[in-house]
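Next come the chains, spelled out residue by residue.
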Amino acid sequence: MKKVPFVTLEKLNEITEKYPTPFHLYDEKGIRENAKALKEAFAWNKGFKEFFAVKATPNPYLINILQEYGCGCDCSSATELMMAKAVGCKKGDIMFSSNDTPEKEFKYADEIGGIINLDDITHIESVERVLGRIPEVISCRYNPGGVFKISNGIMDNPGDAKYGMTTEQIFDAFRILKSKGAKEFGIHAFLASNTVTNDYYPMLAKVMFELAVKLQKETGAHIKFINLSGGIGIPYKPDQEPNDIRVIGEGVRKVYEEVLVPEGMGDVAIYTELGRFMMGPYGCLVTKAIHEKHTHKEYIGVDACAVNLMRPAMYGAYHHITVMGKENEPCDHKYDVTGSLCENNDKFAIDRMLPKIDMGDLLVIHDAGAHGFAMGYNYNGKLKSAEILLHEDGSFEMIRRAETPRDYFATFDCFPVFEKLLQDEDELK
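Residues numbered from 1 in each chain as written. Predicted model: local features only at pLDDT ≥ 70, side-chain atom pairs only at ≥ 80, totals over all residues. Heavy atoms only, no water.

Trainee: Any chance you could explain the packing of aromatic side chains here in plain terms?
Mentor: Think of a pair of aromatic rings as described by two things: how far the centres are apart, and how the planes are tilted against each other in angle. Within this structure, the stated rule accounts for 11 aromatic pairs. Taking the centre distance of 5.7 Å and the plane angle of 85° together, the rings of Phe209 and Tyr256 count as edge-to-face. Taken together, the positions of Phe209 in helix H8 (residues 200–219) and Tyr256 in helix H9 (residues 245–259) put the pair 47 residues apart, joining distant regions of the chain. Three or more aromatic residues link up through ring pairs in this structure, and these residues are Phe42, Trp44, Phe48, Phe209 and Tyr256. Geometry around Phe51 places Lys49 over its ring, the cationic atom sitting 6.0 Å from the centre. (Phe/Tyr/Trp six-rings, centres within 6.5 Å; stacked < 30°, edge-to-face > 60°. Helix = DSSP H or I, 4+ residues; strand = E, 2+ residues; numbered from the N terminus. Lys NZ or Arg CZ within 6 Å of the ring centre and 35° of its normal.)

Spelled out as structure tokens, the structure:
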């Protein structure tokens, strides 16, 4: 397969006249089509709801688009909860899946109508202590341990993950919660990350549905929903086949009818918490070639760095790169594409075969719509870039401005040194 940018060079030239590189660009058309496909894939389940993983792309403008398709928010911190409330999430629209959670965050999640998803059995005491009660609707996160396998091999190793309760603990938790007033229960599990296979969700669903049947039988708890969480991945590499969400939805439906319906549990709602799948392919990092270096290797320096997209530096992750305007030229030059951080791992590509890159060329780094801007940081005093939304009609707007030195120094604003730090800010604009 060939990866084709969702934006043309002509349009990028128009955008860069108004907004300097680097910036993250999002494709409204793609986001909408994908959200619609997900909704249709699970339309067979009356209570289905997608809780978008805010951690992936925490931007209110993008979340607003997803809300038009019935999506809620999956939050993991107080600030993400604040964002969910600000964009209009009501009771039942927020799933609070956190770990090592400060008690005040449980309280805030409950106040704004969030469903608390307990990561650990000890959190029952924390919730009861801070709320003075146990919510009537509550969820528990499950970790079966060991490795998670599908037909073609090992997917991931839940036993090494810090998340969730053991099988014994989740049964104990349900009994305790039920005795303390909980009336409706959910279960949640995340057993593999970024799976590029249509088999993962149905396999996970089977594990969760069978667990739900046993929990309901042995504890008497009413299972209201089963949250399959995230894990549906995207094809970062051109030779990977993308997941088919409709095939995945049908696979989950078959298991639902095989396991839950015969047990009289055909009213259980299916929840998902997709981040990467919802946004990943519909965002890119746009950057400009500003330097070339010819030493032991051939280097192309760009005006973005790991601050803008950390995944290649942190995980060695592959992100495809298109040199705009040279899509049909031969990839006969081997480059390391680098940022300007004082870290040797600040590379978007290593030994990547690309067309000849000239200074000023615009590069599109694909699949940066999830865990791209969100993972940004300020090492070396680097500033985070802007976010731009490309609308379906070809118009575009800034949906987050780029950081400035004033933002970087903002936490010194209560000290005399603050004004000194900003003496030269106008010179750098």
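After that view, the rundown keeps rolling.
Trainee: For this particular structure, what's the right way to read the packing of H8 against H9?
Mentor: When two helices pack together, their arrangement is given by the angle between the helix axes and the distance between those axes. In the contact formed by H8 and H9, the axes pass within 9 Å of each other and the chain directions differ by 25°. Overall, the two elements H8 and H9 adopt an arrangement that is roughly parallel. The element H8 and its partner H9 pack so that their crossing is right-handed. Taken together, the residues of H9 that come into contact with H8 (itself represented by Tyr201, Pro202, Ala205, Lys206, Phe209, Glu210 and Val213) are Ile248, Gly251, Val252, Val255, Tyr256 and Val259. (Axes fitted to C-alpha atoms, helices over the stretch in contact; angles between N-to-C directions. Parallel < 35°, antiparallel > 145°, perpendicular 65-115°, else oblique. Left-handed = near helix turned anticlockwise from the far one by under 90°. Contact = heavy atoms within 4.5 Å.)

Trainee: Would you mind going over the nonpolar core with me for this structure?
Mentor: Considering soluble globular proteins, one finds that nonpolar side chains tend to be buried as a cluster. Ranked by internal contacts, the top residues of the largest apolar core, which has 85 residues, are Leu118, Ile170, Tyr201, Phe209, Ile226 and Met278. Take this core: its biggest share by element is 10 residues, from H8. Among residues more than four places away in sequence, those in contact with Ile226 are Ile187, Met208, Phe209, Ala212, Leu260, Val268, Ala269, Ile270 and Tyr271. (Core = buried A, V, L, I, M, F, W, Y, C linked by side-chain atoms within 4.5 Å. Buried < 20%, exposed > 50% of the residue type's maximum accessible area, 1.4 Å probe, protein only.)

Trainee: How should I be thinking about the sheet that holds strand E6 (residues 137–141) in this particular structure?
Mentor: Adjacent strands of a sheet pair through backbone hydrogen bonds, lying either parallel or antiparallel. Taken in spatial order, the 8 strands of this closed barrel run E2-E3-E4-E5-E6-E9-E10-E11, and their pairing is parallel. The sheet shows a mean angle of 25° between the axes of neighbouring strands, direction not considered. For E6 and strand E9 (residues 184–188), the ladder comprises 5 bridges, and the chain directions are parallel. Note that in E9 the partner of Cys140 across the bridge is Ile187. Contacting strand E4 (94–97) and strand E5 (115–118), helix H5 (residues 103–111) crosses the sheet at an angle of about 145° to E5. (Pairing = 2+ DSSP bridges.)

Trainee: What am I meant to see in helix H4 (residues 78–86) here?
Mentor: At 3.6 residues per turn, the α-helix brings residues three or four places apart onto the same side. Buried residues of H4: Glu80, Leu81, Met83 and Ala84, and no others. Buried residues of H4 fall within an arc of 160° about the axis and therefore sit on the same side. Seen from the buried face of H4, the exposed residues on the opposite side, beyond 90 degrees, are Thr79 and Ala86. In this structure, the buried side of H4 is in contact with helix H3 (60–67), strand E3 (72–75), E4 and H5. (Arc of directions from axis to C-beta.)

Trainee: What exactly am I supposed to notice about unusual backbone geometry here?
Mentor: The bulk of non-glycine residues show a negative phi, and the bulk of peptide bonds are trans. Going from Thr21 to Pro22, the amide bond is cis rather than trans, its omega being -5°. For Pro22, the location among the structural elements is in the loop between helix H1 (9–18) and strand E1 (23–27). Backbone geometry at Asp351 places phi at a positive 50°, although glycine is not the residue there. On the secondary structure map, Asp351 appears in strand E16 (residues 347–354).

Trainee: Looking at this model, I keep getting lost on the packing of helix H2 (residues 28–41) against H3. Mind explaining?
Mentor: Remark: H2 packs on H3, axes separated minimally by 9 Å, with the N-to-C direction vectors making an angle of 40°. For the pair H2 and H3, the sense of crossing is right-handed. Of the residues in H3, those touching H2 at Glu28, Ile31, Arg32 and Ala35 are Leu62, Ile65 and Leu66. Class assignment for the residues of the contact of H2 with H3 results in 5 nonpolar, no polar and 2 charged. (Nonpolar A, V, L, I, M, F, W, Y, C, P; charged D, E, K, R; others polar.)

Trainee: Looking at this structure, I do not really get the environment of Glu241. What am I missing?
Mentor: Looking at where Glu241 falls in the secondary structure, it is placed in the loop between strand E10 (222–227) and H9. Exposure remark for Glu241: the relative accessible area of 59% places this residue in the exposed category. With 44 residues separating them along the chain, Glu241 and Thr197 place their C-alpha atoms 8.3 Å apart.

Trainee: It is not clear to me how the pairing of strand E18 (residues 386–390) should be interpreted in this structure. Could you clarify?
Mentor: When a strand is regular, its side chains alternate between the sheet's two faces. Counting buried positions over the 5 residues of E18 gives 5, a clear majority of the element. Neither face of E18 is open: one carries Ala386, Ile388 and Leu390, the other Glu387 and Leu389, and all of them are buried. Strand direction decides the pairing type here: E1 and E18, joined by 5 bridges, are parallel. Bridged to His24 within E18 is Glu387.

Trainee: It is not clear to me how the pattern of salt bridges should be interpreted in this structure. Could you clarify?
Mentor: When charged atoms on two side chains of opposite charge get close, those side chains can pair. Under the criterion given, the structure shown has 30 salt bridges. A salt bridge links Lys36 to Glu40; the nearest nitrogen and oxygen atoms lie 2.7 Å apart. On the criterion of helical spacing, the pair formed by Lys36 and Glu40 is a turn pair, its members being 4 residues apart in helix H2. You can call Lys36 partly exposed: its relative accessible area is 46%. Residues participating in the shared-partner salt-bridge network are Glu28, Arg32, Glu68 and Glu392. (Salt bridge = Lys/Arg side-chain N within 4 Å of Asp/Glu carboxyl O.)

Note that every value here comes from positions in space, so none of it alone points to a role or purpose.
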